[in-house]
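# Summary of structural features
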Amino acid sequence: MNFLSFSFAGFGILLFAAWWALPNQCRPWILAAANIIFAALFGTKAILCLAIVSAIGYVFGLLQSNRQNKALAFAGILACAAPLLGYKYLPVAGLHIEALQAFQGIIAPVGISFYVFKSISYLIEVYRTRIAPERNFLFYFNYIGFFAQFSSGPIQRPNQLLPQLRQTFVFSQTLAFQGCIRLCWGLFLKKCLADHFAVYQGALTQTDHYYGLCIVWSMIAYALYLYFDFASYSQLSIGVANLLGIRVEENFISPYFSRSIGEFWRRWHISLSSFLKDYIYIPMGGSRNGTAVLIAATMVTFLVSGAWHGATDGFLVWGALHGIYLLAGRATKPLREKGWALLHQAPNSVLRTLCGYLCTFVLVTIGWFFFQTGTLHQAFGVASYLFQPFSFSLQYIKESVTQLGYTPIILLRLGLFTAFAAFVDWSSKDKGFGAWIMHKKPTFWVVFCYICVFSTLFFGAAGTLQNIYFAF
Amino acid sequence: MKRFLSAIALFLLPILLVVALFARAIYASGEWRTEEEIAQRVAAGEPAFFGLAYRDNTRYYKHLVANELGADLLVLGTSRSMQFHSEFFTNKSFYNAGGGAGYVNEFQYFLEQLDQDKLPQTLIMVMDQYFFNGSWVGTGSMPDGFDYGHYPFSWKTALSESMRGWASGKFSLLNALQTHPNVYGMAAVGRGSGFNADGSYCYGRLLDHPEEGTDVGFHDTFDRITKGINRFEYGEYVYPTSTEVVQSLLAWCNDHNIQVVLIIPPYAPSVYERMAESGNYNYLDWIPKILTELCEPYGYEVYNFTYMPNTQDNQYIDGYHGGDRVYATIAQTLGQQSTILQGQIDTDYLAQALADGPNPLRLTQ
């Protein structure tokens, strides 16, 4: 069920009404029912897998009551991760190993990547005694299977979500308004930006029909599409949760306004990157145990990130590339500081900031190239067309744009909407969208929401494409 | 909670009012009317002008009307046959079922679904060139079966599309809210485009504003030729299966005493020249020869209008759809050359209609 469908709207309205009309004691049951219904819509496999992973995590959590047992924690993590590893990597293994050919066609249940990581996060936090094991299976199931985060995250930490699920919910008008504003913003990002940019990537799939420069434009379109699509889902997810009185941390904080790759990963898919930092990078030694450990920790963290997204070599290369970016960034920092000092540029100077944004965007977009193609074979195939001879004439540039299907009106519209989104991102880059918008006056909220809604009604893409992170 | 709900209701009010305005426009346009209702009106001789914007049930509608009217002279083909108007013919038992056959094997299906007493005496079949190109047919363009399933009207689709359409300047809301007698559908009301009662097509606003078209300067068609895609796939020879299909079709027509005139429709001159220059469309030269061979046993006629150097690019709607003047010229040629259509073409009317006029996309009368 897509968040932007009439059926979800009906589901949401009924849930909202039942949630706030009925007594607090009923709410865990209402949420559990909503979670089951939502998961069941994705098929029996989805609900069964959710039930199994929930049961495993719950049992292993309880087994760790009053004792820190590394082996037990590890066994629990492995047991939770097993379905994810199986579904993600057996089909790929089946392509190369004859004995596993039977697994080639299996498709992972929706959301497995997200709720398995939630389970792992829970078991590690229990092991570290940062939270007590959850004894009430209802609360635990609602944490793992929370419908608003089911299909594409965020991967909210148990210490953030579980206490909220146990509380007595009191209706907060401020939080509810914030939720509504996020729904409007998510709607705009998806319908006016993401779904439009999705259409202009033809040069990445039929490379022989386009100029080399078209591939560059398509990559930029892809970079924007990926961000707007995923960010829209996160906003809708957080907005829905807010309407139930549940607070969720930002998953994106203006990532394309990052001055370095390190900063990018503090702003992009924050729930996943912080998971990887807290549970892989830092336990492996992080940056405080020498260069060799730093290199190993960084590369393993980013390879796991790549592998989480997909089992093909393209994703691994994408992950490795970001690891190399980070390490190279660290290694060259003294040199870069000297260079900027020679140019008399303070750390927060406009020139330095703009260069940082541009370089980071270029590096990230190069990474997206491997992410989008998925396999090295396809990546090299596309790259071979990228380096066709091209002319620097205005006519060539114009044709490279029109070949992709852009018209002046489309460019103007997309340009204006992107500028609007950039303005919002720029304005909220320090505090995040939620904090930024809530500091504005109610009049601003109303105008902002009307811009989002009417833009969607009059200029939104027809139909609604599946969110890209649904596939992970 | 009450304050929150009141605020939300107040916020939604203007949105609902705007949506209601568009709903009213859709209702006033008759977009919701069914093809059956309009077919009945056409059969009753009403001057119904039918142009839906938010669903395409052309083949279903054309079949309905063809079966109602049982015209003696029937035109059948894709969108490249829609510009034959009843005024071109002296035979007033005429219907243009153009749009009713989108694939080479759909012609026979269309005719087989007509009641026996509704079959035409004379059939003008317009056969698009790519029907005979294995590269195009191989893209799934010879379906195993057909049916006249059709899309019902959907308020959700119509509302969202109408709002987007209005924002794109496709129609005037004020105009759409007014009453338009005998005009049905948002495309008909908003842009003047749709099917006349005789089945021929009017491109509406596009005729006076060709710069608003999607293929200005034929850039889209030239792009397709460069890439060899989307009806402009490259081909060396005629696809044998298509030939067999046409053979079966002609035999069927003969069995049902239907006289057939086969027409191969035109490309815009510069489009054809670009195709010829590319050297990738050699199958085009084979089509008229093969079709003539197939028609000979039955005395049917074949006319190849693929390249009409006596027409101009500005008389074409896009790279492969001629305007009314192009098809009037075709009809005039048929009037001069066709034995089967002898006496059925109004050459006097055509001579007047093809007189010089200010708009190359319109006839002078």
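Every value quoted in this text rests on a predicted model; they were computed, and no experiment measured them. (Residues numbered from 1 in each chain as written. Chains lettered and ligands numbered in written order. Predicted model: local features only at pLDDT ≥ 70, side-chain atom pairs only at ≥ 80, totals over all residues. Heavy atoms only, no water.)

Assigned secondary structure in chain B consists of 15 helices and eleven strands. By principal-axis analysis of the C-alpha atoms, chain B measures approximately 80 × 45 × 45 Å. Evaluated residue by residue, chain B yields a buried proportion of 54% over its 365 residues. Total accessible area on chain B is roughly 15,700 Å²; 50% of this is exposed by carbon and sulfur atoms. For chain B, the distance from the average position of its 23 positive side-chain charges to the average position of its 40 negative side-chain charges is 14 Å. (Helix = DSSP H or I, 4+ residues; strand = E, 2+ residues; numbered from the N terminus. Buried < 20%, exposed > 50% of the residue type's maximum accessible area, 1.4 Å probe, protein only. Areas by Shrake-Rupley, 256 points an atom, 1.4 Å probe, with all protein chains shown as cover. Lys, Arg positive; Asp, Glu negative; His and termini not counted. Charge placed at Lys NZ, Arg CZ, Asp CG, Glu CD.)

When its secondary structure is counted, chain A shows 19 helices and zero strands. Relative to a compact globule of 472 residues, whose C-alpha radius of gyration would be 23 Å, chain A shows 23 Å and is just as compact. Taking the principal axes of the C-alpha coordinates as reference, chain A spans close to 70 × 55 × 55 Å. Counting across all 472 residues of chain A, residues that qualify as buried make up 55%. Long-range contacts, defined here as pairs at least 24 residues apart, represent 75% of the contacts in chain A between residues at least 6 apart. Accessible surface computed for chain A: about 20,600 Å², of which carbon and sulfur atoms make up 69%. Averaging the locations of the 31 positively and 15 negatively charged side chains of chain A gives two centres separated by 9 Å. (Rg over C-alpha atoms; globule rule 2.2 N^0.38 Å. Contact = heavy atoms within 4.5 Å.)

Below, the discussion takes up the side chain of Q129(B). All names here are of chain B. Along the chain, Q129 turns up in the loop between strand 4 (122–126) and helix 5 (134–137). For Q129, a relative accessible area of 1% translates into the label buried. Side-chain polar atoms of Q129 contact the side chain of R80, separated by 2.9 Å. Residues within four places of Q129 in sequence aside, it is in contact with R80, I264, P265, Y267, Y283, L284, I287 and T306. (Polar contact = N/O pair within 3.5 Å; in protein donor to acceptor, adjacent residues only side chain to side chain.)

A word on the packing of aromatic side chains. Applying the stated rule across the entire model yields 101 aromatic pairs over all chains. Residues W265(A) and F302(A) carry aromatic rings whose centres are separated by 5.4 Å and whose planes lie at 65 degrees to one another, so their mutual orientation is edge-to-face. Taken together, the residues W265(A) in helix 10 (residues 261–267) and F302(A) in helix 12 (residues 291–309) connect sequence positions 37 residues apart. With respect to burial, W265(A) and F302(A) carry one shared label: buried. Looking at K440(A), its charged tip hangs above the ring of F444(A), at a distance of 5.5 Å from the centre. If you follow R274(B) out to its NZ or CZ, it ends over the ring of F222(B), 3.8 Å from the centre. (Phe/Tyr/Trp six-rings, centres within 6.5 Å; stacked < 30°, edge-to-face > 60°. Lys NZ or Arg CZ within 6 Å of the ring centre and 35° of its normal.)

Moving on, we come to helix 9 (residues 212–243) of chain A. For helix 9 of chain A, built from 32 residues, the straight-helix expectation of 46 Å at 1.5 Å per residue is met to within 8% by its first-to-last C-alpha distance of 47 Å. Phi for G245(A), located one or two positions after helix 9 of chain A, is positive at around 85 degrees. (Expected span 1.5 Å × (residues − 1).)

The predicted model of chain B has a mean per-residue pLDDT of 95, with 99% of residues at 70 or higher. In the predicted assembly, ipTM is 0.88 and pTM is 0.88. (pLDDT = per-residue confidence, 0-100.)

This part covers the nonpolar core. Within soluble globular proteins, side chains that are nonpolar tend to cluster in buried spots. Among the nonpolar cores identified, the biggest contains 138 residues, and F147(A), W185(A) and W368(A) are the most heavily contacted of them. At 19 residues, the largest contribution of residues to this core is made by helix 9 of chain A. Each of domain 1 (19–170) and domain 2 (175–471) of chain A gives at least three residues to this core. If near-sequence neighbours (up to four positions away) are discounted, W368(A) is found in contact with M219(A), Y222(A), A223(A), L226(A), Y256(A), F264(A), W268(A) and W318(A). Formed by 100 residues, the second largest nonpolar core is a distinct cluster that contains Y109(B), V126(B), L262(B) and I263(B). (Core = buried A, V, L, I, M, F, W, Y, C linked by side-chain atoms within 4.5 Å. Domains from an automatic or database assignment.)

A few words on a nonpolar patch on the surface. There is a patch of nonpolar side chains on the surface, built from L358(A), V362(A), L363(A) and I366(A) and spanning about 330 Å² of accessible area. Examined against the element boundaries, L363(A) turns out to sit in helix 14 (residues 350–373). (Patch = residues over 30% accessible without salt bridge, like charges linked within 9 Å, V, L, I, M, F, W, Y side chains within 5 Å. Salt bridge = Lys/Arg side-chain N within 4 Å of Asp/Glu carboxyl O.)

Take the interface of chain B and chain A next. The interface is formed by 23 residues belonging to chain B together with 23 residues belonging to chain A. Counting each side, the surface lost to burial between chain B and chain A is near 1,900 Å², with a carbon and sulfur contribution of 75%. Summed over the three residues of chain B that lose the most area to chain A, namely F4(B), F11(B) and K227(B), the buried surface amounts to 33% of that side. On inspection of chain B and its partner chain A, the count reaches zero salt bridges. The interface formed by chain B and chain A includes four residue pairs in polar contact (both at pLDDT 80 or more). Among the elements that take part in the side of chain B that touches chain A, helix 1 (residues 2–29) of chain B stands out by supplying twelve residues, more than any other. Of the residues assigned to the side of chain B that touches chain A, the class counts are 16 nonpolar, one polar and six charged. (Buried area = accessible area lost by both parts, 1.4 Å probe. Nonpolar A, V, L, I, M, F, W, Y, C, P; charged D, E, K, R; others polar.)

Another aspect to go through is the sheet that holds strand 8 (residues 259–264) of chain B. All names here are of chain B. Overall, parallel pairing links the five strands, which are arranged 3-2-4-8-9 in an open sheet. Each edge of the open sheet carries a strand with a single partner, namely strand 3 (94–98) and strand 9 (301–304). Adjacent strand axes in the sheet meet at a mean angle of 15 degrees, parallel and antiparallel pairs treated alike. Examined bridge by bridge, strand 2 (residues 73–77) and strand 4 share four bridges and lie parallel to one another. (Pairing = 2+ DSSP bridges. Axes fitted to C-alpha atoms, helices over the stretch in contact; angles between N-to-C directions.)

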